[in-house]
Amino acid sequence: MASLSETVGVADPTEQDYLWTLNFGPQHPATHTTLRIVLKLDGERVVDAIPDIGYLHSGFEKIGEHLDYNQYVTVTDRMNYISPMANNVAWHHAVETLAGIEITPRCKYVRVIVAELARISDHLLSTGAMGLDVGAFTFFLYAFYMREKIYDIFETLCGARFTNSYTRVGGVMHDITPLVIEKIRSFLDEAPKTFGDMQRLVNRNRIFIDRMKGVGVLTQEEAVRYCATGPVARASGVTRDLRKDEPYLAYEDFDFDVCCARAGDCFARYYVRMAEMLESVSIVQQALENLPAGPIDVGPEDRMALPTKEQVYQTIEGTITHFELTMSNRGFEVPNDESYAAIESPNGELGFYLVGDGSDVAYRARCRPPSFIHFSVFPYLIRGHTLSDVVAVLGSLNIIAAELDR
Amino acid sequence: MKSDDPAIRWIEEPKLGMAGKTYLSLFVHGMTTTVKHLTKSVAGKDVTVSYPDEEPQIGNPLIYRGVHRLNKDQQGRVKCVACFLCATACPAHCIDILADESPWPDREKYPESFTIDELRCIYCGMCEEACPVDAIELTSLYNLTGRSREEMIFDKEKLLSVFDETIETEQMKSADLGGTV
């Protein structure tokens, strides 16, 4: 507490009896979801903040012990609902690591494409909503129009705009069609222009910079100490990106940069996200150019991926495999083993720790959610700043309540 | 990664300079962008779809996951053989089937009742994926409404009537894939 008094110039909070307690949330327009922060205020200055989670507890991890490896993907959609595709990819990446399945090259590329599109859509929303919270409404509208385009692509690809449930064990739901590729290409042409428009509005806007710069500074040591990942850590100078450090899927094939900044404040986090979107556009472009031909699923031989409808209708092996995989007492066979696999989701490291017990349902499906870790950094970031900075810091951390509580 | 890795791009924040500090010139800069978008939308390139006067375009009606239908074969009988695969695959447990001995010679079972709770359904499409005879399909009807919970529990007749409504615009998927028609 001594350091707190020195840095923000207030007396030891424990000795003060005039502190004002303010409940921020659970229903506040700037929290975007149901999360609650108990703020201790000295005038307008935040002396302490106590994050309180549990308002959106849905028992996702417990459901993971009851739904099979394919069915659970519908739950991961609802975990981080602003980038559901990345969650789908993360879940089945973990399942395939546990079961030791090597997916086809085409499937890897398609998963990279959807995961990177999910990253763009997440960053558009998180930076847009952060702008909205500090007063840049037009900025948000430009961002959301681009996000609508990504919804459109996902709807054409898998039939749902929001709850995609796209991946399956050993493959994906539908192969990518020429129509989707055409839509992605037109999106890739348009997206950098919109990023330019967004940046022209706020990048050198003094009001925006005054709200962002120097607010919520996370130093490199603290970022490492709090286990921050993703754009939050990279904005603080932590050079870690799972796509480069532990390449999964087909990320080794692509040429892209990891965007880092040193300042560690809200503006740096915003800026890293904007730069990452351009990198994602380039990754999707490369993936589309080099999209390998061949099957999208691993095929029914190993009894892990559902056979195609042709195989079900025309061959007896296909029909039998199809029935066995769907029936609850036959299903997938996974080893009695445990594994952890993570991907670089838009928000940071999103991992699943899975314990298999031989059946088609996981014994334990633990999720490492980036938002939960970032929310624990929040009190550290906000101490000493004013009440109006709460929304800026929250927005720059991109807290998703459904992921906090699981 | 090491911090001097060539794949790392260190981002420099923009310098504000004199223009930024005086604020006004960059205000004009931002307004120009806004006005550019404004003229575009005045010229008729607006992005808003005025639903319900205007229907949004569905990307691929064959893939879209909307309201269910139960398919009929050429003789107008329900195609379902009451194998319960869709009910097993459903993560939301919204399908309820009662099987009975089939009155037709070409199969053993048929669904005496087939109920889907459309409110419980999460429209994931796993029933369609699980169906071995292409009997249950998701259509591209997305604007499903009802005034009561009971109304939203679709029985066999209702699901078959969705088929009659949509078969003109959406063909059954099985024909090209070698399934029964």
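### As for the interface of chain B and chain A
And step 1. Facing the 52 residues of chain B at the interface are 64 residues of chain A.
And step 2. Here chain B and chain A share three salt bridges between them.
And step 3. For E129(B), the salt bridge is made with R168(A), and the minimal N-O distance between the two is 2.8 Å.
And step 4. The interface formed by chain B and chain A contains 18 residue pairs in polar contact (both at pLDDT 80 or more).
And step 5. Of all the elements in the fold, those that place two or more residues in the side of chain B that touches chain A are β1 (8-10), α1 (17-22), α2 (24-42), α3 (85-89), α4 (126-130) and α6 (174-177) of chain B.
And step 6. For the side of chain B that touches chain A, a count of residues per class yields 26 nonpolar, 15 polar and 11 charged.
And step 7. The sheet contact formed by strand β6 (residues 258-260) of chain A and β1(B) spans three bridges and is parallel. Pairing of C259(A) across the sheet is with R9(B), part of β1(B).

### Points about the packing of aromatic side chains
And step 1. In total, this model carries 21 aromatic pairs over all chains according to the counting rule given.
And step 2. Arranged with centres 4.4 Å apart and planes meeting at 55°, the rings of Y72(A) and W91(A) form a pair that is tilted. Of this pair, Y72(A) sits in the loop between α2 (60-63) and α3 (73-77) while W91(A) sits in helix α4 (residues 84-99), placing them 19 residues apart in sequence. With respect to class, Y72(A) is no different from W91(A); both count as buried.
And step 3. Summarising the aromatic geometry, the rings of Y226(A) and Y380(A) are spaced 5.7 Å apart at their centres and angled 45° between planes, so their arrangement reads as tilted. Linking Y226(A) in the loop between α9 (220-225) and α10 (230-234) with Y380(A) in helix α15 (residues 370-382), this pair joins segments that are 154 residues apart in sequence.
And step 4. We classify Y226(A) as partly exposed; its relative accessible area is 24%.
And step 5. The aromatic ring of W104(B) is capped on one face by R77(B), whose charged end is 5.0 Å from the ring centroid.
And step 6. Between K158(B) and the ring centre of F154(B), over which it is positioned, the NZ or CZ distance is 5.2 Å.

### Things to note about the domain arrangement of chain B
And step 1. Under the domain assignment, chain B is made up of domain 1 (16-48) and domain 2 (68-177).
And step 2. Measuring from the centre of the C-alpha atoms in domain 1 of chain B to the corresponding centre in domain 2 of chain B gives 52 Å.

### Observations concerning the domain arrangement of chain A
Residue and element names in this part refer to chain A.
And step 1. Assigned domains within chain A: domain 1 (60-100 + 103-297 + 335-403) and domain 2 (299-334).
And step 2. Here the C-alpha centre of domain 2 lies 32 Å away from the C-alpha centre of domain 1.
And step 3. On the domain 2 side, the residues contacting the 14 residues of domain 1 number 10 residues.
And step 4. When the buried surface of domain 1 facing domain 2 is broken down by residue, V169, D297 and D360 rank first, second and third, together holding 47% of it.
And step 5. The interface formed by domain 1 and domain 2 includes one residue pair in polar contact (both at pLDDT 80 or more).
And step 6. Its residues assigned to classes, the side of domain 1 that touches domain 2 comprises five nonpolar, six polar and three charged.

### A look at the state of the cysteines
All names here are of chain A.
And step 1. Taken as a whole, this structure holds zero disulfides over all chains when the rule is applied.
And step 2. C367 forms no disulfide, and the closest cysteine sulfur to it belongs to C227, at a distance of 15 Å.
And step 3. Given a relative accessible area of 0%, C367 falls into the buried group.

### Notes on the side chain of K309(A)
And step 1. The topology assignment puts K309(A) in helix α13 (residues 309-314).
And step 2. Buried charge without a partner: K309(A) forms no salt bridge, and the closest opposite charge is D134(B), 5.7 Å away.
And step 3. In terms of polar contacts, K309(A) uses its side chain to reach the backbone carbonyl oxygen of E129(B), at 3.2 Å.

### Considering the packing of helix α5 (residues 105-133) of chain A against helix α7 (residues 178-202) of chain A
All names here are of chain A.
And step 1. Close contact between α5 and α7 brings their axes to 13 Å; oriented N to C, the two are set at 25°. Here α7 runs roughly parallel to α5, going by the angle between their axes. Where α5 crosses over α7, the handedness of that crossing is left-handed. Residues I113, L117, I120, L124 and T127 of α5 pack against I184, F187, F195 and M198 of α7.
And step 2. Of the residues that constitute the contact of α5 with α7, the class distribution is eight nonpolar, one polar and no charged.

### Digging into a positive patch on the surface
And step 1. There is a patch of like positive charges on the surface, built from K193(A), K36(B), K40(B) and K45(B).
And step 2. Here K45(B) shows up in the loop between α2 and β2 (68-70).
And step 3. Relative accessible area serves as the criterion here: at 62%, K45(B) is assigned to the exposed category.

### Comments concerning the pairing of strand β7 (residues 338-345) of chain A
Residue and element names in this part refer to chain A.
And step 1. Extensive coverage of β7 is indicated by the burial of six of its eight residues.
And step 2. The sheet contact formed by β7 and strand β8 (residues 348-356) spans eight bridges and is antiparallel. Along β8, the bridge assignment pairs Y340 with Y353.
And step 3. Count of turn residues in the β7/β8 antiparallel hairpin: two residues.

### Considering the side chain of S345(A)
Residues and elements named next belong to chain A.
And step 1. Its place among the elements puts S345 in strand β7.
And step 2. Judged by its relative accessible area of 2%, S345 falls in the buried class.
And step 3. Apart from residues no more than four positions distant in its own chain, S345 is found in contact with A86, R119, L350 and P370.

### Description of the pattern of salt bridges
All names here are of chain A.
And step 1. Scanning all chains against the criterion turns up 34 salt bridges over all chains.
And step 2. Residues R243 and D241 are paired through a salt bridge, measuring 2.8 Å at the closest nitrogen-oxygen approach.
And step 3. Judged by relative accessible area, R243 falls into the buried class, the value being 3%.
And step 4. Exposure remark for D241: the relative accessible area of 0% places this residue in the buried category.

### Comments concerning the sheet that holds strand β3 (residues 95-101) of chain B
All names here are of chain B.
And step 1. The antiparallel open sheet is built from three strands, whose spatial order is β3-β4-β6. Each edge of the open sheet is held by one strand with a lone partner, namely β3 and β6 (153-154).
And step 2. With two bridges joining them, strand β4 (residues 109-117) and β6 adopt antiparallel strand pairing. Opposite D117, over in β6, you have I153 as the bridge partner.
And step 3. Across the sheet, helix α5 (residues 156-166) lies against β4 and β6, angled at about 85° from β4, the strand it touches most.

### Things to note about the nonpolar core
And step 1. In terms of nonpolar packing, the biggest core is built from 133 residues, with I184(A) and F378(A) touching the most fellow members.
And step 2. Ranked by residue count, the leading element in this core is helix α12 (residues 266-289) of chain A, at 14 residues.
And step 3. Three or more residues apiece are contributed to this core by two domains, here domain 1 (60-100 + 103-297 + 335-403) and domain 2 (299-334) of chain A.
And step 4. Apart from residues lying up to four places away in sequence, I184(A) is in contact with I113(A), L117(A), I153(A), I176(A), V284(A) and L288(A).
And step 5. In terms of nonpolar packing, the next biggest core, distinct from the first, is built from 24 residues, C86(B), C94(B), I97(B) and C121(B) among them.

Thresholds applied
- Residues numbered from 1 in each chain as written.
- Chains lettered and ligands numbered in written order.
- Predicted model: local features only at pLDDT ≥ 70, side-chain atom pairs only at ≥ 80, totals over all residues.
- Heavy atoms only, no water.
- Contact = heavy atoms within 4.5 Å.
- Salt bridge = Lys/Arg side-chain N within 4 Å of Asp/Glu carboxyl O.
- Polar contact = N/O pair within 3.5 Å; in protein donor to acceptor, adjacent residues only side chain to side chain.
- Helix = DSSP H or I, 4+ residues; strand = E, 2+ residues; numbered from the N terminus.
- Nonpolar A, V, L, I, M, F, W, Y, C, P; charged D, E, K, R; others polar.
- Pairing = 2+ DSSP bridges.
- Phe/Tyr/Trp six-rings, centres within 6.5 Å; stacked < 30°, edge-to-face > 60°.
- Buried < 20%, exposed > 50% of the residue type's maximum accessible area, 1.4 Å probe, protein only.
- Lys NZ or Arg CZ within 6 Å of the ring centre and 35° of its normal.
- Domains from an automatic or database assignment.
- Buried area = accessible area lost by both parts, 1.4 Å probe.
- Disulfide = S-S within 2.5 Å.
- Lys, Arg positive; Asp, Glu negative; His and termini not counted.
- Axes fitted to C-alpha atoms, helices over the stretch in contact; angles between N-to-C directions.
- Parallel < 35°, antiparallel > 145°, perpendicular 65-115°, else oblique.
- Left-handed = near helix turned anticlockwise from the far one by under 90°.
- Patch = residues over 30% accessible without salt bridge, like charges linked within 9 Å, V, L, I, M, F, W, Y side chains within 5 Å.
- Areas by Shrake-Rupley, 256 points an atom, 1.4 Å probe, with all protein chains shown as cover.
- Charge placed at Lys NZ, Arg CZ, Asp CG, Glu CD.
- Core = buried A, V, L, I, M, F, W, Y, C linked by side-chain atoms within 4.5 Å.

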